[in-house]
Amino acid sequence: MPSNWKRSPEELHKTYIANTEAFYKTAGKGTAPELDEFIRSCALGLWSNSEKISDVHVDAYNMLFSKGQPAPKALLWELTGKVCSCNAFMPPLFFWDLTERDRISGAVTSRIFIRMLTNILLCLAAVDDEVTMSEAEYITDCSEKLRALCDSAGVKPGSKSTLNPADFVTSLAPGFKESNPVQSSAGTAGEKKEEGTSTPAEEVEKPDFDELMAKLDALVGLEDIKKDVKSLVNLVRIRQLRKDAGLPVPPMSLHLVFMGNPGTGKTTVARLLAGLYAAIGVLPKGQLIEVDRGGLVAGFVGQTALKTKEVIDSALGGVLFIDEAYALAEGGENDFGHEAIDTILKAMEDHRDELVVIVAGYTEPMDSFINANPGLQSRFNKYFNFRDYEGPELYAIFCNMLEKNGYALEEEARDFCRDFFNQLYENRDENFGNGRDVRNIFEKMIVEQANRLASVEAPSKEELMEIRKSDIPGGTEA
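To start, this report covers the structure provided alongside it. Quantities reported herein were computed from a predicted structural model and do not represent experimental measurements. (Residues numbered from 1 in each chain as written. Predicted model: local features only at pLDDT ≥ 70, side-chain atom pairs only at ≥ 80, totals over all residues. Heavy atoms only, no water.)

### Re a negative patch on the surface
Then step 1. A surface patch of negative charge is lined by Glu10, Glu11, Asp55 and Asp59.
Then step 2. Elements that contribute at least two residues to the negative patch include exactly α1 (9-27) and α3 (55-61).
Then step 3. Here Asp55 falls in the partly exposed class, since its relative accessible area comes to 49%. (Patch = residues over 30% accessible without salt bridge, like charges linked within 9 Å, V, L, I, M, F, W, Y side chains within 5 Å. Areas by Shrake-Rupley, 256 points an atom, 1.4 Å probe, with all protein chains shown as cover. Salt bridge = Lys/Arg side-chain N within 4 Å of Asp/Glu carboxyl O. Lys, Arg positive; Asp, Glu negative; His and termini not counted. Charge placed at Lys NZ, Arg CZ, Asp CG, Glu CD. Helix = DSSP H or I, 4+ residues; strand = E, 2+ residues; numbered from the N terminus. Buried < 20%, exposed > 50% of the residue type's maximum accessible area, 1.4 Å probe, protein only.)

And the structure:
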């Protein structure tokens, strides 16, 4: 049965543009290069579940580019090779930022992204006029993984539900990779290898150590944290060299406790540390998987261990970052959070050479959380304390956002902002959000500037960049 999702290459490009432009209106055009690359990687994973790869797939692949972005120029042999070697689906890095922004602002941009991706992938599945069950399952898996990230970040539910790909299946034929197994140097897939032979593992490109250290040094404030990270990395680096030289290596836990208020850079430092561990050879990959209680705990007996194990499997080779980890132990003795803790502790023992766990949260609850469990005490013995950003540091973070996004403060606005952020720090309470508050202020500022410029018929480049005192929240009253 032909699929009603089939599009000609030109129609597919129009559909792609319509979906992405609608997304860019809320998320910004800055994500375009990364989004195009992500969609193309999804297309490869999707088509590995298609019946066969032909020129219609090539034509569709070469239409996957946003306005102003370069178009791919793949050939059939090239695309077939990419499909055969494509990796498992991984959420793009910018999606983590989207969920965090949605959590802070109350928006649902990340939920919109999931609907957009589902629409595009259904069109891509139907380019050969068939949608296989395997393709539908792939699309569903992508959507569910992204929705799980939204749920764990606390993004509110959207008003619209995504389509169910299974409703559009037209074929039950096996996928392309299933029908065309890749041959290895040890023989054809399915053949028994000779004893003692092995297939070389796929090499993962290591992050650049110097580049990551430069990013660490560029972070505003956090001087004590930077010093602690550098000392830890130096210690681990020398330990690894001793191990490679055949010298005795004393036991050492790489698992960490990050304590501090929200918005103090804990996730950013964890991501850099994961890359640094990979750069010096302590971890194979260096990815960061961020979750909270919602991403680990299920509602039924036995399901939490499975859910937690799935998250751990995705973190192997990198760092598992558990935010507000104390919430796992707050529900009493019969709470499923304890099942998650037990599963994590076992994984830390079973995968000690390929998994680092960082638990994070407010200082006092985290201290109580670690000290309440002997298993946690024995594995987490390094503490990083993230203090609140002071006024000048908040102002520096704000200026970095301005520069990165092409804005410039007029002189009166600069003087006002310095005093504004000093007051913000001095008058902070338990709801103080540090860098998150700065982001909220920045987002309100660009809305106010847009409202001010709406009546200007053709604003100049300088006017589009200029931020006035009246654009800053509270600036008009001052």
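Past the structure itself, the notes keep going.
### Describing the packing of helix α2 (residues 32-47) against helix α6 (residues 109-125)
Then step 1. The contact between α2 and α6 brings their axes to 10 Å, and the two run at 45 degrees. Our classification of the angle between α2 and α6 gives oblique. The hand of the α2/α6 crossing is right-handed. Counted together, Leu35, Phe38, Ile39, Cys42, Ala43, Leu46 and Trp47 of α2 and Phe113, Met116, Leu117, Ile120, Leu121, Leu124 and Ala125 of α6 form the full contact between these two elements.
Then step 2. A per-class count over the contact of α2 with α6 returns 14 nonpolar, no polar and no charged. (Axes fitted to C-alpha atoms, helices over the stretch in contact; angles between N-to-C directions. Parallel < 35°, antiparallel > 145°, perpendicular 65-115°, else oblique. Left-handed = near helix turned anticlockwise from the far one by under 90°. Contact = heavy atoms within 4.5 Å. Nonpolar A, V, L, I, M, F, W, Y, C, P; charged D, E, K, R; others polar.)

### Some remarks on the layout of surface pockets
Then step 1. As a volume, the second largest pocket reaches approximately 520 Å³.
Then step 2. If you trace the second largest pocket, you find 20 residues lining it, with Arg239, Met252, Leu254, Arg352 and Asp353 closest to the centre.
Then step 3. At the level of secondary structure, the elements contributing two or more residues to the lining of the second largest pocket comprise α10 (223-244), α13 (337-350), β4 (355-361) and α15 (374-379).
Then step 4. If one sorts the elements of the lining of the second largest pocket by residue count, α10 sits on top with four residues.
Then step 5. In terms of residue class, the lining of the second largest pocket is made up of nine nonpolar, five polar and six charged. (1 Å grid on protein atoms, 1.4 Å probe; cavity = no way out; pocket = protein on both sides within 12 Å on 5 of 7 lines; lining within 4 Å. Points joined across faces, edges and corners; volume = space filled by probe spheres on them.)

So far we have only geometry, and geometry alone does not tell us how the molecule works.
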